[in-house]
Amino acid sequence: MSIAKSAAADTRAARILDTRPLLLGVLSLSLLVAFLRLYEQLFAWNAGLDSFSPEFQIYWTSLLKLSAVGSFAGAAGLVAYLWRTRDREFAKLTPALELRRLLYLVQWLVLFSLALFWGLSFFSEQTAVWHMTAVRDTDFTPSNIVTFYISYPLFAIIGMGAFFYAKTRLPSFAKGYSLPFLVLVVGVFMTIPNVGFNEWGHTSWSMDEGFAGPLHWGFVFFGWMSLGIFGVALQILGRLRELLGAELLDELRRR
């Protein structure tokens, strides 16, 4: 009988936990990063050193314009979709469905964390190396275009999607505003306005070899706002404990 109960519990868990969105998201993000890095490898040195050249306009200015339009359209479309399809009857929400949605939110946050790594770590460090290697004649260098105008908006959009998903589909987040969630999403989003402040500094002073300068502190300050994810995780775990109950949690610990 215990074996049958265990099998039934595993079947229910499989129905509740759907990892396909996460796998699709990670695959899509990985392919995009690989494409951007390969694009840089092919066209950064050959067509990205002279902003007045026709090649720069073709390979980099066009990419900048496409990324700007795509970012605004993607953010507006995602938020509009999540708000339009929001749950308007939380009273009818079953514990199983709420649990499933909480696990979807966890997947949003995992993808968000991965996008933060590529944006704030990999591409940002790459930009630092570019500035110390190549002499630039514009703020819109190939590395800056990929970093500031593609990878940064990408993680901001994913974080915004996670916030609105929780706000429109989970009662525990729909009641008010989660402070750690706001710190997480709004904080790391502020790295994008900080780009303008940063580029103004690069234009006014020679900062390409002084990356510990005060004008770069904003990236560190807002980047550390990503630690708000631990507060969001605690809120999710607290709600999971309420939904699963002490008895089931004890059984999961014994497994």
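One can find the structure itself at the top, above this paragraph.
Here the structure is a predicted model, which means the values were calculated and not measured.

Residue position: Arg 88 is located in the loop between α3 (54-84) and α4 (95-133). Judged by relative accessible area, Arg 88 falls into the exposed class, the value being 56%. Here the alpha-carbon distance between Arg 88 and Thr 168, two residues 80 residues apart in the chain, equals 8.3 Å.

One finds Trp 60, Leu 105 and Phe 181 to be the most contacted residues of the largest nonpolar core, which totals 48 residues. Residue assignment for this core shows that the elements contributing at least two residues are α2 (20-47), α3, α4, α5 (142-169), α7 (179-189) and α10 (228-254). At 12 residues, α5 tops the list of elements feeding residues into this core. When residues no more than four places from it in sequence are discounted, the contact partners of Phe 181 are Leu 105, Leu 109, Ala 162, Phe 163, Ala 166, Phe 173 and Val 232.

Before going further, it helps to examine the side chain of Thr 141. With respect to the helices, strands and loops of the structure, Thr 141 is situated in the loop between α4 and α5. The exposure class of Thr 141 is buried, given its relative accessible area of 3%. With sequence-adjacent residues up to four places away left out, Thr 141 is seen in contact with Trp 130, His 131 and Arg 136.

Let's shift gears to the environment of Arg 169. Positionally, Arg 169 belongs in helix α5. Put simply, Arg 169 and Arg 86 are 83 residues apart on the chain and 6.1 Å apart in space, counted from C-alpha to C-alpha. Residue contacts for Arg 169: discarding those within four places in its chain leaves Leu 82, Thr 85, Arg 86, Asp 87, Phe 90, Leu 93 and Arg 101. A distance of 3.2 Å separates a polar side-chain atom of Arg 169 from the backbone oxygen of Leu 82.

Let us now look at empty space enclosed by the protein. For the coordinates displayed, the defined rule picks out 3 cavities of 30 Å³ or more. Roughly 60 Å³ of volume is contained in the largest cavity. Taken together, Leu 29, Leu 32, Val 33, Leu 36, Ala 115, Trp 118, Gly 119, Phe 123, Ile 150, Ser 151, Leu 154 and Phe 155 make up the lining of the largest cavity. Grouping the constituent residues of the lining of the largest cavity by class yields 10 nonpolar, 2 polar and no charged.

Reading guide: rules and limits
Residues numbered from 1 in each chain as written. Predicted model: local features only at pLDDT ≥ 70, side-chain atom pairs only at ≥ 80, totals over all residues. Heavy atoms only, no water. Helix = DSSP H or I, 4+ residues; strand = E, 2+ residues; numbered from the N terminus. Buried < 20%, exposed > 50% of the residue type's maximum accessible area, 1.4 Å probe, protein only. Core = buried A, V, L, I, M, F, W, Y, C linked by side-chain atoms within 4.5 Å. Contact = heavy atoms within 4.5 Å. Polar contact = N/O pair within 3.5 Å; in protein donor to acceptor, adjacent residues only side chain to side chain. 1 Å grid on protein atoms, 1.4 Å probe; cavity = no way out; pocket = protein on both sides within 12 Å on 5 of 7 lines; lining within 4 Å. Points joined across faces, edges and corners; volume = space filled by probe spheres on them. Nonpolar A, V, L, I, M, F, W, Y, C, P; charged D, E, K, R; others polar.

Shape descriptors only; they carry no functional weight alone.
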